[in-house]
Amino acid sequence: RDSFAFKCHRQDSNAYSVNCIAFQKQFGTFATVGSDGIVNFWDKDNKQRLKGFNAIQRTISCAAFNEQGNLFAYASSYDWSQGSMHLQPGNEI
């Protein structure tokens, strides 16, 4: 297999959208973040997950490594994947 794709994060029988893929150029790794509130770090060459973190109970909408690749940041917000009826105004973290 020469390539692989990330369309979703899976937990049991549930699938959650991947909202962002952030690449760390120095080590050839990347991170995926999604509507499940989970950050996963991956090894692109070995095509396997290096580390998964517990969900933060909110959607993670974007993420990035800094230019040096030693810092990782993400932002959480409502991503509208469940429509307006699940939006809870005033529920900021």
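So, here is what we can say about the structure in this document. (Residues numbered from 1 in each chain as written. Predicted model: local features only at pLDDT ≥ 70, side-chain atom pairs only at ≥ 80, totals over all residues. Heavy atoms only, no water.)

1. So, the state of the cysteines
Overall, the coordinates contain zero disulfides when judged by the stated rule. Cysteine Cys20 remains unbridged, with the sulfur of Cys62 as its closest cysteine sulfur at 6.2 Å. Judged by relative accessible area, Cys20 falls into the buried class, the value being 18%. (Disulfide = S-S within 2.5 Å. Buried < 20%, exposed > 50% of the residue type's maximum accessible area, 1.4 Å probe, protein only.)

2. Examining the sheet that holds strand β2 (residues 14-24)
Read from one edge to the other, the open sheet built from five strands follows the order β1-β2-β3-β4-β5, with strand pairing classed as antiparallel. The open sheet is flanked by β1 (8-11) and β5 (48-52), the only strands paired with a single partner. Direction aside, the axes of adjacent strands within the sheet are offset by 35 degrees on average. (Pairing = 2+ DSSP bridges. Helix = DSSP H or I, 4+ residues; strand = E, 2+ residues; numbered from the N terminus. Axes fitted to C-alpha atoms, helices over the stretch in contact; angles between N-to-C directions.)

3. Structural notes on the pairing of strand β4 (residues 39-43)
Judged by how many residues are buried, β4 sits mostly within the fold: five of five residues are covered. Taking every second residue as pointing to the same face, both faces of β4 are buried, with Val39, Phe41 and Asp43 on one and Asn40 and Trp42 on the other. Between the antiparallel neighbours strand β3 (residues 29-34) and β4 lie four residues, among them Gly37 with a positive phi of about 80 degrees. Examined bridge by bridge, β4 and β5 share four bridges and lie antiparallel to one another.

4. Concerning the pattern of salt bridges
If charged atoms from side chains of opposite charge come close, those side chains can pair. Enumeration over the complete set of coordinates arrives at one salt bridge. In this structure, Asp45 engages Lys44 in a salt bridge whose closest nitrogen and oxygen atoms are separated by 2.8 Å. (Salt bridge = Lys/Arg side-chain N within 4 Å of Asp/Glu carboxyl O.)

5. A word on the side chain of Thr32
Along the chain, Thr32 turns up in strand β3. Owing to a relative accessible area of 0%, Thr32 belongs among the buried residues under this scheme. Within the structure, Thr32 has its side chain in polar contact with the side chain of Trp42 (distance 3.0 Å). (Polar contact = N/O pair within 3.5 Å; in protein donor to acceptor, adjacent residues only side chain to side chain.)

6. Topic: the packing of aromatic side chains
Using the criterion set out here, one finds five aromatic pairs in the structure. Residues Phe23 and Phe30 carry aromatic rings whose centres are separated by 5.7 Å and whose planes lie at 45 degrees to one another, so their mutual orientation is tilted. The class for Phe23 is exposed, based on a relative accessible area of 54%. Here a set of aromatic residues connected by ring pairs shows up, and it is made of Phe41, Phe53, Phe65 and Phe72. (Phe/Tyr/Trp six-rings, centres within 6.5 Å; stacked < 30°, edge-to-face > 60°.)

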